[in-house]
Amino acid sequence: MTHVNDLTGWTLVYSGKVRDLYVPTDLMTDDDTWTGDPMALSPVVLVVASDRVSAFDEVLEPEIPGKGALLTSLTRWWFDRLPEVPNHLAYAEDDRYHDLPEISTSVADRAMLCRTLDMFPIECVVRGYLTGSGYAEYVATGAIGGLPLPEGLEDGDRLPEPVYTPAWKAPLGQHDENISYERTVELVGETVAEQLRAISLAVFEHASDVAEERGLILADTKFEFGADRELGIVTLADEVLTSDSSRYWDLEAYLTGATPEVRMASFDKQIVRDWLAANWDRSAQVAPPTLPSEIVEQTAERYRALVERLTLGL
């Protein structure tokens, strides 16, 4: 894995479970006592997707080969198909970005040069089908994030229409929390909250149509947004409609599969989650076990298969 010392001219300012953020080194302050946000100093941030894989809030070993490049290429592909939705990629015609440090070839295929945004603390989740944590909450309460759903739904059922079920994006090390739309209004204001909901639903609808044309179901996804620091407009950020942020199913398998495992086999790291659930006692407070090579290979193949299905068609 490439670390900060390998990226000449760039300084690592944040390292999450799977992504690392860098800003140009010459924009960093020389004051060792300064503890503010480094990205406040820079109009641009280099977002590097690693090959790390996480599950149950743990970063696992080993990495998934090629994962970062696949997610980055798919995000760029989706941005190209959402021209009416502002996104965080740096404008090629902006003179401020012409004298930046060179991006190392070691990370070029998994890096995005992006404008720095003021991020909203909300994960904008849209669900077209009921499954996962949404289904668990529905079974317990009959609703998701306070939004009532029809009675009698089963795991994997298509919803009458896509629903917006936001979550509060918790700080690193804490769990995200499903919240009501009214709570998002309290967090970001009524105007921004409505824009986040409207854009998320519109993008989900468009992406669902694109996926269906390629024999896929987009069951659910999450988006993240920030405010453009110059224009103030709501801007789509981070990875978009990838295997790590979305749940895709094969359409034919969903319609004809004999079991839920076949019908809802997703193009993501569910293989990793299932293996961990069977081989790791989370309550024992011990580190998760190393993933077997066959689980790593199967997961990498699912990532590759989604990119091929979407970008190349059937």
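Throughout this document, residue positions are counted from 1 along each chain, in the order its sequence is written. Two thresholds apply to this predicted model, a pLDDT of at least 70 for residue-level local features and 80 or more for giving and counting side-chain atom pairs, whereas whole-chain, interface and lining totals are computed over all residues. Calculated side-chain values reflect all of the structure's heavy atoms, with hydrogen atoms and water omitted.

Brief notes about the overall build of the protein
As a reminder, the rule being used: Put simply, DSSP H or I for four residues or longer makes a helix, DSSP E for two residues or longer makes a strand, and each gets a number counted from the N terminus. The globule rule is 2.2 Å times the number of residues to the power 0.38, and the radius of gyration it is compared with is taken over C-alpha atoms. Buried, partly exposed and exposed residues are distinguished by accessible area as a fraction of the type maximum, computed with a 1.4 Å probe on protein chains only: under 20%, between the cut-offs, and over 50%, respectively. Note on contacts: a residue pair qualifies if any of its non-hydrogen atoms lie within 4.5 Å across the two residues. Residue-level accessible areas treat just the shown protein chains as cover; the underlying method is Shrake-Rupley with a 1.4 Å probe. We count Lys and Arg on the positive side and Asp and Glu on the negative side, and we leave His and both chain ends out. To locate a charge, the coordinates of NZ of Lys, CZ of Arg, CG of Asp or CD of Glu are taken.
Broken down by element type, the protein carries eight helices and 16 strands. Against the 2.2 N^0.38 benchmark of 20 Å for 314 residues, the protein shows a C-alpha radius of gyration of 20 Å, consistent with a compact globule. Along the three orthogonal principal directions, the C-alpha set of the protein runs to about 60 × 50 × 45 Å. Relative to its 314 residues, the protein shows a buried fraction of 48%. Taking the intrachain contacts of the protein between residues at least 6 apart in sequence as the baseline, contacts between residues at least 24 apart amount to 66%. Working note: accessible area of the protein is about 15600 Å², and carbon and sulfur atoms make up 50% of it. The average position of the 25 basic charges and that of the 55 acidic charges among the side chains of the protein differ by 3 Å.

Some details on the pattern of salt bridges
The test is simple: A side-chain nitrogen of Lys or Arg and a carboxyl oxygen of Asp or Glu constitute a salt bridge if their distance falls within 4 Å.
Inspection of the entire model under this criterion finds 17 salt bridges. Close ionic contact of Asp118 with Arg229 constitutes a salt bridge, the shortest N to O distance being 3.0 Å. With Asp118 in strand β7 (residues 117-119) and Arg229 in the loop between β14 (216-228) and β15 (234-237), this residue pair connects regions lying 111 residues apart in the sequence. Residue classification places Asp118 among the partly exposed positions, given a relative accessible area of 40%. Take Arg229: its relative accessible area is 35%, and that puts it in the partly exposed class.

Quick notes on the confidence of the model for the protein
Heads up, the condition is: One number per residue, pLDDT, summarises how confident the predictor is, and it ranges from 0 to 100.
Per-residue pLDDT for the protein averages 90, and the proportion of residues at 70 or more is 91%. Below pLDDT 50 for its whole length, residues 1-5 participates in 16 contacts with residues either more than four positions away or in separate chains.

What to know about unusual backbone geometry
Note the cis peptide between Glu61 and Pro62, where omega equals -5 degrees. Mapping Pro62 onto the fold places it in the loop between β5 (58-60) and α1 (67-80). A positive phi angle, close to 65 degrees, is found at Asp238, a residue other than glycine. One can find Asp238 in the loop between β15 and β16 (246-250).

Concerning empty space enclosed by the protein
Our working definition: Only protein atoms enter the 1 Å grid used here, on which a cavity is any set of points holding a 1.4 Å probe that cannot leave and a pocket is any open set flanked by protein within 12 Å on both sides along at least five of seven lines; residues with an atom within 4 Å of a point are listed as lining. Grid points are joined across faces, edges and corners, and a volume is the space filled by probe spheres set on the points. Throughout this entry, Asp, Glu, Lys and Arg are counted as charged residues, while Ala, Val, Leu, Ile, Met, Phe, Trp, Tyr, Cys and Pro are counted as nonpolar. The remaining residues, Gly among them, count as polar.
With the rule as written, the count across this model stands at one cavity of 30 Å³ or more. In terms of lining residues, the largest cavity is bounded by Arg19, Val47, Ala49, Leu71, Thr72, Thr75, Arg110, Ala111, Met112 and Glu239. The set of elements that each furnish at least two residues to the lining of the largest cavity consists of β3 (44-49), α1 and β6 (111-115). Broken down by element, the lining of the largest cavity gets its largest block of residues, three residues, from α1. Of the residues in the lining of the largest cavity, the class split is five nonpolar, two polar and three charged.

Some thoughts on the environment of Glu182
With respect to the helices and strands, Glu182 occurs in helix α3 (residues 181-188). Its relative accessible area of 52% is what places Glu182 among the exposed residues. Sequence separation between Glu182 and Gly146 is 36 residues, and the spatial gap between their C-alpha atoms is 9.4 Å.

Quick look at the side chain of Arg19
Rules: Polar contact criterion, stated in full: a pair of N or O atoms within 3.5 Å, where within protein one must be able to donate a hydrogen and the other to accept it, and residues adjacent in sequence count only if both atoms are side-chain atoms.
Looking at the secondary structure, you find Arg19 in strand β2 (residues 19-24). Within polar-contact distance, the side chain of Arg19 engages the side chain of Asp238 at 2.9 Å. A distance of 2.9 Å separates the side chain of Arg19 from the side chain of Glu239, its partner in a polar contact. With sequence-adjacent residues up to four places away left out, Arg19 is seen in contact with Tyr14, Val47, Val48, Ala49, Arg52, Asp238 and Glu239.

So, the sheet that holds strand β1 (residues 10-15)
To be explicit about the condition: Strand pairing is defined by DSSP finding a minimum of two bridges between the two strands. For helices, the fitted axis covers only the stretch in contact; all axes are lines through C-alpha atoms, and the angles between them, taken along N-to-C directions, range from 0 to 180 degrees.
The antiparallel open sheet is built from four strands, whose spatial order is β1-β2-β3-β6. One side of each edge strand has no neighbouring strand; the edge strands of this open sheet are β1 and β6. With strand direction ignored, the average angle separating the axes of adjacent strands in the sheet is 30 degrees. Two elements, β3 and β6, share five bridges in a ladder whose sense is antiparallel. Note on β6: the bridge partner recorded for Val45 is Cys114.

Concerning the pairing of β15
Regular strands place side chains that alternate from one sheet face to the opposite one. Residues Val234 and Leu236 line one face of β15 and the alternating positions Thr235 and Ala237 line the opposite face, and both faces are buried. Linkage of β14 to β15, two consecutive antiparallel strands, is achieved through a turn of five residues, within which Gly232 is found at a positive phi near 80 degrees.

Section: the environment of Arg214
For Arg214, the location among the structural elements is in the loop between α4 (190-213) and β14. Along the primary structure Arg214 and Val307 are separated by 93 residues, whereas in three dimensions their C-alpha atoms are 11 Å apart. A polar side-chain atom of Arg214 sits 2.4 Å from the main-chain carbonyl oxygen of Leu310.

What about the nonpolar core?
It is characteristic of soluble globular proteins that their nonpolar side chains tend to be buried jointly. Spelled out, the test is: Definition of nonpolar core: a set of buried residues of the types Ala, Val, Leu, Ile, Met, Phe, Trp, Tyr and Cys, connected through side-chain atoms within 4.5 Å.
Counting residues in each nonpolar core, the largest one holds 59 residues, and the members touching the most others are Trp78, Leu196, Phe223, Leu241, Tyr248 and Leu310. Discounting residues that sit within four places of it in the chain, Phe223 has contacts with Ile122, Glu123, Cys124, Val126, Ser200, Val203, Phe204, Leu236, Val240 and Leu241. Counting eight residues, the second largest nonpolar core, distinct from the first, contains Ile144, Leu149, Leu159 and Val163.

So, the packing of helix α7 (residues 270-279) against helix α8 (residues 293-312)
Note the threshold: If an angle is under 35 degrees, it is roughly parallel; if it is over 145, roughly antiparallel; if it lies from 65 to 115, roughly perpendicular; otherwise it is oblique.
The geometry of α7 relative to α8 is characterised by a closest axis approach of 8 Å and an angle of 150 degrees between their N-to-C directions. As far as their axial angle goes, α8 and α7 are roughly antiparallel. Contacts from Ile271, Val272 and Trp275 in α7 reach Ile295, Gln298, Thr299 and Arg302 in α8. Among the residues forming the contact of α7 with α8, the class breakdown is four nonpolar, two polar and one charged.

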